[in-house]
Amino acid sequence: PRVLVPDWLKRPAPALLPAENLLRPSDQDDDQRRLRRGESDEGRARALQRGTLVHRLLQSLPDIAPDGRTAAAQRFLTCNATGWSDEERAALAAQVLALIEDPRFAAVFAPGSRAEVPIVGRLARRGVPVLVSGQIDRLVVTGAEVLIVDYKTNHAPPRAEAGAPRAYVRQLASYRAVLGRMYPQRTVRAALLWTEVPDIMEISASALDAEQADLSPL
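The model shown is predicted, which means the values in this text are computed figures rather than measured ones. (Residues numbered from 1 in each chain as written. Predicted model: local features only at pLDDT ≥ 70, side-chain atom pairs only at ≥ 80, totals over all residues. Heavy atoms only, no water.)

A. Structural detail: the nonpolar core. If you look at the biggest cluster of nonpolar residues, it comprises 27 residues, and the most contacted ones within it are Ile-136, Ile-148, Leu-179 and Ile-203. Secondary structure elements with two or more residues in this core: strand 2 (114–125), strand 3 (128–141), strand 4 (145–152), helix 4 (166–182), strand 5 (187–194) and strand 6 (199–203). Of the residues forming this core, the biggest block, 8 residues, is contributed by helix 4. Non-local contacts of Leu-179, meaning those with residues more than four positions away in its chain, are made with Ile-119, Ile-136, Leu-139, Val-146, Ile-148 and Val-188. In terms of nonpolar packing, the next biggest core, distinct from the first, is built from 26 residues, Leu-53, Ala-72, Ala-73 and Phe-76 among them. (Core = buried A, V, L, I, M, F, W, Y, C linked by side-chain atoms within 4.5 Å. Buried < 20%, exposed > 50% of the residue type's maximum accessible area, 1.4 Å probe, protein only. Helix = DSSP H or I, 4+ residues; strand = E, 2+ residues; numbered from the N terminus. Contact = heavy atoms within 4.5 Å.)

Below, the structure written as structure tokens:
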């Protein structure tokens, strides 16, 4: 018997569409993690460990009742701050607790704020599809606005927004581009929280817009 072959089997297969680029905003500050002049490998490892410890404490302590935070911080550091003296652990715990209780940052750690929020979104960069994937250190959503906060543990942070590393601003701008689609009726703000000062630096809308110029909804 005659076998009928469908027409699509006689045609060349269509070209594959380009895969989406994966954009990880948190990877954009890799240059900030490199060994600096005059810094030893041991010193750099200690600084990275300190940054990790600070992030974990800021993630967990705000959700604990104030009268239990000191004990919780001490327990965590005893288990995780290996190679640290008791005095060093106590000093770090006191520094982070003071930051959380600082009235200037009350909105950042207010009830309802969220820590370590994963974010994924599809955008286009100069017409090419990109998948944005990252994690926001602290996210505050109210009825009127959204606030993105990224912790930075630089020992000598810039004093003015103009001195903020561009990689940090790009990171916030990428998150803002995604959240802007999720909350189209709300203003999306972004800020850097310098944990070692401590101080908070809001990045202006114009600076964020400049970094978002090549990003658009897909």
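B. Representation of the packing of helix 1 (residues 41–60) against helix 2 (residues 69–80) within the structure. Following both chains from N to C, one finds helix 1 and helix 2 inclined at 150 degrees, their axes separated by 11 Å at the closest point. For helix 1 against helix 2, the interelement crossing comes out right-handed. For the pair helix 1 and helix 2, contact is made by Gln-49, Leu-53, Arg-56 and Leu-57 and by Ala-73, Phe-76, Leu-77 and Asn-80, respectively. For the contact of helix 1 with helix 2, the per-class residue count stands at 5 nonpolar, 2 polar and 1 charged. (Axes fitted to C-alpha atoms, helices over the stretch in contact; angles between N-to-C directions. Left-handed = near helix turned anticlockwise from the far one by under 90°. Nonpolar A, V, L, I, M, F, W, Y, C, P; charged D, E, K, R; others polar.)

C. Highlighting the environment of Ser-60. With respect to the element layout, Ser-60 can be found in helix 1. When the C-alpha positions of Ser-60 and Ala-115 are compared, they lie 7.9 Å apart, and in sequence the two are 55 residues distant.

D. A look at unusual backbone geometry. Cis geometry marks the peptide bond from Val-197 to Pro-198; its omega dihedral reads -15 degrees. Considering the arrangement of structural elements, one finds Pro-198 in the loop between strand 5 and strand 6. Look at Glu-116: it is not a glycine, yet its phi comes out positive at around 50 degrees. Position of Glu-116 among the secondary structure elements: in strand 2. Of note, Arg-126 is a non-glycine position whose phi angle comes to about 55 degrees, a positive value. Along the polypeptide, Arg-126 turns up in the loop between strand 2 and strand 3.

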